[in-house]
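Architecture and fold: a report
So the chains spell out like this:
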Amino acid sequence: MENERRDDSIERRIRAMCTRVQQIQQEGLYFYNIPIEELHGGARVLVNGREMGMFASYGYLGLLGHPRINAAAQRAVAKYGSGTHGVRTLAGTLTLHRELEDMIAEFKGAEAAVTFSSGYVTNLTTVSALVGRHDYVFSDKLNHASIVDGCLLSGAKFVRFRHNDMNDLEEKLREAPTTAGKLVVADAVFSMDGDIIDLPGVVDLCRRYGAWLMIDEAHSLGVLGKNGKGIEEHFGLEGTVDIKMGTLSKTIPSVGGYIAGSADLIRYLRHQSRAYIFSAALPPAQAAAALEAFRVIQDEVWRVEALRSNAEMFIKGLKRRGFDTMKTETAIVPVLCGTDEKAFAMTREAHQEDVFVLPVVSPAVPEGLARLRATVTAAHAPEDIEHAMDVFERAGKKIGVI
Ligand SMILES: *Cc1c(COP(=O)(O)O)cnc(C)c1O
């Protein structure tokens, strides 16, 4: 039954969103939430009965469907079943969780690590467990939403600095009281632009102003550094990041998030993080898959190199064709389109030629900077990448992006 009295802000908010979505759907320009039917190797997927080149995957090393990882997940189900007995603190911890956490600590060159049930919740709970009223948290303007939400939830003074701008960060650090707790947080690789945080600059500032440093490696684990160990390896600055955060849902083809750091930091989080204490443990299959994935990365280091050369080929080829790929240096390659409409139209053309790529529009990115957010992986062959670039070129000329 209709509630007669409800014509309020909640109702209007829901209606406004639905109107916008339905309008885009009617124009045939809605590309989100499309079900993928099958994986055909790492570089192709079956969508709406058509095989398409996959250029929207976060599986940077092409590990999704890897036989060793699948087998590890299956063995874990056979051994432990499909869930746990609840939260980690009580009966939910399995030996598997400890093995995974030891592996992450070793891989990240840290004393210890702790896992959570998603990357999103890892940022939310970690930032809000570390800082509170009277503390200061400094966050790059382009940081991921989960960091922003963690900062807001914490109740700390939330200071945003200009994207990757060390002068601005320094000015803001200087303004904070010397005695206040200070935490600087940034993505290692920015999730919409693909550029890399100036780690040497941030580390230097954190040292000089007595701030803690937290870096989100969602898009740098397996991507940066000769062995895929991430941003510290990339810059040769091992041991400089206090709070090393990452997800188990991108390069690692599972789900979950982790924090690696000092033994005391991890002990603190196990007893203070509300997501750790009040939410169920990672299921065995996902923990086992993640554990095996770290082993595979170490055994198949060639994947890291393949990713790097694919990313380089993709970025150079797009630039040569006249596209603006912004400041990316990684596997996340923005193909700048301008208006939301142009980004939607580019996507439609790409899909018609069986290249699966997705647009990012406002408010996820500033108005006028709508783009295709294309990604390459270690699984792509050079021909796959050439083909996608040719498709983008035809579409770009037709739509007036190049
Ligand atoms: C994807 C992402 C997350 C969230 O990770 P999930 O495991 O998907 O919840 C956090 N930070 C960044 C930068 C991300 O890109």
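Presented here is a report on the structure given in the accompanying data block. All values derive from a computational prediction rather than experimental measurement. (Residues numbered from 1 in each chain as written. Predicted model: local features only at pLDDT ≥ 70, side-chain atom pairs only at ≥ 80, totals over all residues. Heavy atoms only, no water.)

1. Section: the overall build of the chain
Condition: Counting from the N terminus, the helices are the DSSP runs of H or I reaching at least four residues and the strands are the DSSP runs of E reaching at least two. With the radius of gyration taken over C-alpha atoms, the globule rule is written as 2.2 Å times the number of residues to the power 0.38. Under the scheme applied here, a residue whose accessible area is under 20% of the maximum for its type counts as buried, over 50% as exposed, and between as partly exposed, the area being computed with a 1.4 Å probe on protein chains only. Contacts between residues were defined by any pair of non-hydrogen atoms, one from each residue, lying within 4.5 Å. Under the convention used here, Asp and Glu are negative, Lys and Arg are positive, and both His and the chain ends fall outside the count. For charged residues, the charge sits on one atom: NZ in Lys, CZ in Arg, CG in Asp, CD in Glu.
Secondary structure assignment for the chain yields 15 helices and 14 strands. Relative to its length of 402 residues, the chain is compact, with a C-alpha radius of gyration of 22 Å against a globular reference of 21 Å. If one aligns the C-alpha atoms of the chain with their principal axes, the spans along those axes are about 60 × 55 × 50 Å. Buried residues in the chain amount to 54% of all 402 residues. In the chain, 70% of the contacts between residues at least 6 apart in sequence involve partners at least 24 apart. The positive charge centre, built from 46 side chains, and the negative charge centre, built from 52, are 2 Å apart in the chain.

2. So, the sheet that holds strand S3 (residues 50–54)
As a reminder, the rule being used: Any two strands between which DSSP finds at least two bridges are classified as paired.
Strand order in the open sheet made by the 4 strands is S1-S2-S3-S12, with mixed pairing throughout. Unpaired on one side and paired on the other, strand S1 (36–40) and strand S12 (355–356) mark the two borders of the sheet. As paired elements, S3 and S12 share 2 bridges and run parallel to each other. Along S12, the bridge assignment pairs Met54 with Phe356.

3. Considering empty space enclosed by the protein
The criterion, for reference: Put plainly, a pocket is an open set of points on a 1 Å grid over the protein atoms alone with protein on both sides within 12 Å along at least five of seven lines, a cavity is a set where a 1.4 Å probe fits but cannot get out, and a lining residue has an atom within 4 Å of a point. Grid points are joined across faces, edges and corners, and a volume is the space filled by probe spheres set on the points. We call Asp, Glu, Lys and Arg charged. Ala, Val, Leu, Ile, Met, Phe, Trp, Tyr, Cys and Pro are nonpolar, and the rest, Gly among them, are polar.
Using the criterion set out here, one finds 1 cavity of 30 Å³ or more in the structure. As for the largest cavity, its lining consists of Arg88, Thr115, Phe116, Ser117, Val121, Ala275, Tyr276, Ser279, Ala280, Ala281 and Leu282. Put simply, the parts of the chain that give the lining of the largest cavity at least two residues each are strand S4 (112–116) and helix H11 (274–278). For the lining of the largest cavity, the per-class residue count stands at 7 nonpolar, 3 polar and 1 charged.

4. Let's talk about the site of the ligand
Operational definition: Note on terminology: near, applied to a residue and a molecule or strand, indicates that one of the residue's heavy atoms is within 4 Å of it. By the criterion applied in these results, polar contacts are pairs of N or O atoms within 3.5 Å in which, for protein atoms, one can donate a hydrogen and the other can accept it, and in which residues neighboring in sequence qualify only through two side-chain atoms. With residues, only the protein chains shown are counted as cover, and all accessible areas are computed by Shrake-Rupley using a 1.4 Å probe.
Close to the ligand lie 15 residues; Tyr120, Asp216, His219, Ser249 and Lys250 are nearest. Here Tyr120 contributes a backbone N or O atom positioned 2.8 Å from an oxygen atom of the ligand. Between the ligand and His144 there is a distance of 3.4 Å, counted from a nitrogen atom to a side-chain nitrogen or oxygen. In isolation the ligand exposes 380 Å². Once the protein is present, 86% of that is buried. Here the residues of the shell around the ligand sort into 2 nonpolar, 10 polar and 3 charged.

5. Things to note about the pairing of strand S10 (residues 257–261)
Counting buried positions along S10 yields 5 of 5 residues, so the element is predominantly enclosed. Where burial is concerned, the two faces of S10 agree: the one with Gly257, Ile259 and Gly261 and the one with Tyr258 and Ala260 are both buried. In this structure, strand S9 (residues 243–247) lies alongside S10, joined through 4 bridges in antiparallel fashion. Bridge pairing in S10 places Thr247 opposite Gly257.

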